[in-house]
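Architecture and fold: a report
The lines below spell out each chain.
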Amino acid sequence: MSARSFISVAVIAAVTAFGTSRPAHGSWTVTILHPSHTTYSLAEAASGVQQAGFVVSEQRAHAALWSGTAESWIDLHPAGATESGASAASGMQQGGSISWGQRWRAALWSGTADSWIDLHPAGATWSDIRAMSDGQQAGIAEVAGVIRASLWSGTADSWVDLHPAGAAWSSVQAMNGGQQAGCVEVAGVTRASLWSGTADSWIDLHPVEAGHSVARATNGTQQAGFVFVNGVYRACLWSGTAASWVDLNPAESGMSEVMAVSGGRQAGFAHVGTVNRASLWSGTADSWIDLHALLPPEYSYSFAHGISSDGDVLRITGYGLNTLTGRDEALLWTHTGAIVLLRGDLNCDGAVNNFDIDPFVLALSDPALYQARYPSCTLHNRDCNGDGVFNNFDIEPFLACLESFGCP
Ligand SMILES: [Ca+2]
Ligand SMILES: [Ca+2]
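The structure displayed is predicted, hence computed values, not measured ones.

We now examine the sheet that holds strand S27 (residues 313-322). Read across the open sheet, the four strands follow the order S1-S28-S27-S26; overall the sheet is antiparallel. Each edge of the sheet is formed by a strand with only one pairing partner; in this case those strands are strand S1 (27-32) and strand S26 (299-310). Within this sheet the neighbouring strands show an average axis-to-axis angle of 25 degrees, counted without direction. Where S27 and strand S28 (residues 327-336) come together, ten bridges link them in antiparallel fashion. Bridge pairing in S28 links Leu-321 to Asp-328.

If you want it as structure tokens, here you go:
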């Protein structure tokens, strides 16, 4: 018998001695937001207890607002408009655009179809709101044939052009705490970008080793999105400079992106195997939580687009393909409780002790059942030697963690 298998036997013997685990901290619920009479639906943005997006009904997009259930759906589509959609939310306001005939015009709502305000700048061909924060709105406006990163303060007249000189086009995707995040194209390369209210404030977040990069989210101090490096689209996190980027791509994923951030959490998707999986991170690649695994089996792919946090409650918006109905359906994932990143804490209750032995053995022997039983637990917790994978080489370090009630 090798030393390692002897330790496995020792762990299993210990499980027998110590019996059952305490319940894991944190719990998930998934809510289908799809209104039953619509063709498909997508929840883009989260703000507090509200979700904004759109539904398609009779082949027309309608901006939509939810408050946590499918039944709460409010149609934000103004009378007489051709199509509309919301992609941003802040406080009790929603941002997006409305088409009257062919051209889309940036628009702001306050919870009802009648409340819409036209933010379309004079002289623009089309415009769209993609982000909102602290009474301001950001997105794009096409002016003089160029798509330009744009900022508003609640009126069409307040439009500020953020377009950096020399760029082919530019776009704001997110804003928070006085920052705008997005991308610009220069010399055929899409470059993640950061602004603080003026075109002159433009900061290039594009890492030198990246082919392309896009920032899609900001919490005011960190920015997130993706970088294309070594042939893989990698979800990533910046802290204000190009060189600061942190790779969030899960080891088994060939493509991932962050779409939204709130507090220290990042929501987006990772392509694993052949499936796009809605995903959540807490600032590192090994903090990845597979939100797709929480869906009923009829959902064949899913994406997360928005996130809001309110104390210990996380709300994540997105959509997934329901293969029973053949349509994309708006989804809401809600997490209550803490997400604990602590090596050796296999049941994720915030402590490393004998109650982690049982889940450790389960994680080794039946990883799928472990994930189903502990859906808030990350690779970080079970990777006791910190080498980025979980396997038999984590047994000895785990036993060392147990001895000192925490990993050395
Ligand atoms: Ca524990
Ligand atoms: Ca390991």
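Here the narrative resumes, following the displayed structure.
Another aspect to go through is the nonpolar core. Counting 89 residues, the largest nonpolar core has Ala-64, Ala-86, Ala-215, Cys-236 and Ile-316 as the members making the most contacts within it. Not counting the four nearest positions on each side in its chain, Ile-316 is found in contact with Ala-46, Ala-267, Leu-280, Leu-291, Ala-304, Gly-306, Ile-307 and Trp-333. Counting residues in each nonpolar core, the second largest holds 17 residues, with Leu-346, Phe-360, Ile-395 and Phe-398 among its members.

Turning our eyes to something else, we now look at the sheet that holds strand S11 (residues 136-143). Spatially, S10-S11-S12-S13 is the arrangement adopted by the four strands of the open sheet, whose pairing is antiparallel. Each of the sheet's edge strands pairs with one partner strand only, and the pair in question is strand S10 (124-133) and strand S13 (160-161). Judged from the eight bridges that link them, S10 and S11 form a sheet pairing that is antiparallel. What sits directly across from Ala-124, in S11, is Val-143.

Positive phi outside glycine occurs at Glu-58, with the angle close to 50 degrees. A positive phi angle, close to 50 degrees, is found at Ala-187, a residue other than glycine. Note that Ala-187 resides in the loop between strand S15 (179-186) and strand S16 (189-195). On the basis of neighbour counts, which here come to 8 C-beta atoms within 10 Å, the residue Ala-187 falls in the exposed class.

Definitions and limits used
- Residues numbered from 1 in each chain as written.
- Chains lettered and ligands numbered in written order.
- Predicted model: local features only at pLDDT ≥ 70, side-chain atom pairs only at ≥ 80, totals over all residues.
- Pairing = 2+ DSSP bridges.
- Helix = DSSP H or I, 4+ residues; strand = E, 2+ residues; numbered from the N terminus.
- Axes fitted to C-alpha atoms, helices over the stretch in contact; angles between N-to-C directions.
- Core = buried A, V, L, I, M, F, W, Y, C linked by C-beta atoms within 7 Å.
- Buried ≥ 20, exposed ≤ 12 C-beta atoms within 10 Å, placed from the backbone.
- Contact = placed C-beta atoms within 7 Å.

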